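Breakdown of the fold
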Amino acid sequence: MKIDHHPDESTLMSYAAGSLPEPLSAVVAAHIELCPDCAHEVRAMERIGATLFEVLAPASVGLTAGQAFAGAAPSLAATAAYVDTRPTASVLTRLLGGELADVHWKRLGFGIWHYPIKLSPNSKGDLRLIKVAPGQVMPDHGHGGSELTLILSGSYSDEFGTYRSGDLSDLGDDVEHQPVSDPVEGCVCLIASERKARFKDVLARIVQPLTGL
Ligand SMILES: [Zn+2]
């Protein structure tokens, strides 16, 4: 699989530190499973992070290196929940509790379906699958907070290029784009948004011109 689009360096760093919100972390984990380059980079960042913690923590908080590192364990473990893959279950399979082929899609509007994915009780943000029919043009939309999109099948193109299976689009606050799905295959994506309300707003604006509501 040839992957052209990767998470930003800062996104990978937050992921490695275990500080990325759950939905965004899940999308990065699913990308890393497909992308040896990012997997390698994250492992290197984790090694550096662990070393820094051992060197700095005892002096700053008065703990031994072992105690300090144990204190850091929950956030690292939160990331590891996605990274430590069982050989038979992919990140996506675990998120869905089953296979992508068995998802019960809900229709959002003409040519667009979605499937919201359940997060942990205290988790913020939004994680869902989106399926777009072939050749579908989506209205321009901006983003509130970070948004990560991983292409699972098919492709889409926007001002930044063409995104195919395995590619990840990492968009910040100020970005507006107008994606068009592949004319033959359409597109299936895993999308994480930092803010739930804002994401619903974006969805409404995508769907509104199509449904006429
Ligand atoms: Zn990558």
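Scroll up a little and you will see the structure.
Overview of the structure. (Residues numbered from 1 in each chain as written. Predicted model: local features only at pLDDT ≥ 70, side-chain atom pairs only at ≥ 80, totals over all residues. Heavy atoms only, no water.)

1. A few points about the overall build of the chain
What the chain contains, in helices and strands, is six helices and eight strands. Reading the helices (α) and strands (β) of the chain from amino to carboxyl end gives α-α-α-α-α-β-β-β-β-β-β-β-β-α. Considering only contacts in the chain between residues 6 or more positions apart, those separated by 24 or more positions represent 66%. As presented, the chain carries roughly 11,000 Å² of accessible surface, and 57% of it is formed by carbon and sulfur atoms. (Helix = DSSP H or I, 4+ residues; strand = E, 2+ residues; numbered from the N terminus. Contact = heavy atoms within 4.5 Å. Areas by Shrake-Rupley, 256 points an atom, 1.4 Å probe, with all protein chains shown as cover.)

2. Topic: the packing of helix α1 (residues 9-17) against helix α2 (residues 22-34)
Each pair of packed helices gets described by two things: the angle between the helix axes and the distance between those axes. Put simply, α1 and α2 touch, their axes get as near as 10 Å, and they point 100° apart. For the element pair α1 / α2, the angle class is roughly perpendicular. Between α1 and α2, the contacting residues are T11, L12 and Y15 on the first element and S25, V28, A29 and I32 on the second. Split into classes, the residues belonging to the contact of α1 with α2 amount to five nonpolar, two polar and no charged. (Axes fitted to C-alpha atoms, helices over the stretch in contact; angles between N-to-C directions. Parallel < 35°, antiparallel > 145°, perpendicular 65-115°, else oblique. Nonpolar A, V, L, I, M, F, W, Y, C, P; charged D, E, K, R; others polar.)

3. Details of the coordination of the zinc ion
Taken together, H6 (ND1), H31 (NE2), C35 (SG) and C38 (SG) make up the protein donors of the zinc ion, found 2.1 to 2.3 Å from the metal. For the zinc ion, the four donor atoms are set out with angles of 100 to 117° between them, so the coordination reads as tetrahedral. (Donors = N, O, S within 2.8 Å, 3.2 Å for Na, K, Ca; no water. Tetrahedral: all angles 85-135°; square planar, octahedral: opposite > 155°, others 65-115°.)

4. A look at the packing of aromatic side chains
What the rule picks out here adds up to one aromatic pair. Just above the ring of W113 sits the side chain of K131; from NZ or CZ to the centre is 5.1 Å. (Phe/Tyr/Trp six-rings, centres within 6.5 Å; stacked < 30°, edge-to-face > 60°. Lys NZ or Arg CZ within 6 Å of the ring centre and 35° of its normal.)

5. Quick notes on the pattern of salt bridges
When the charged atoms of two side chains lie near each other, side chains of opposite charge can form a pair. The full count for this structure, using the stated rule, is three salt bridges. Here D4 makes a salt bridge to K2, at a shortest N to O gap of 2.4 Å. Judged by relative accessible area, K2 falls into the exposed class, the value being 64%. Here R164 and D4 are joined by a salt bridge, their closest N and O atoms 3.9 Å apart. Of the two residues, R164 sits in strand β5 (residues 161-164) while D4 sits in the segment before α1, which places them 160 residues apart along the sequence. (Salt bridge = Lys/Arg side-chain N within 4 Å of Asp/Glu carboxyl O. Buried < 20%, exposed > 50% of the residue type's maximum accessible area, 1.4 Å probe, protein only.)

6. Quick word on the environment of S165
Position of S165 among the secondary structure elements: in the loop between β5 and β6 (168-171). Considering only alpha carbons, one finds S165 and V188, 23 residues apart in sequence, at a separation of 8.8 Å. Once you skip the residues sitting within four places of it in the chain, S165 turns out to touch M1, I151, L152, S153 and G154. There is a polar contact of 3.1 Å between the side chain of S165 and the backbone oxygen of L152. (Polar contact = N/O pair within 3.5 Å; in protein donor to acceptor, adjacent residues only side chain to side chain.)

7. A look at the environment of L119
Tracing the backbone through its elements, the reader meets L119 in the loop between β2 (112-116) and β3 (126-132). Taking the C-alpha atoms as reference points, L119 and E22, 97 residues apart in sequence, are found 7.5 Å from one another. With residues near it in sequence (within four places) discarded, L119 still touches E22, P23, K124, G125, D126 and L127.

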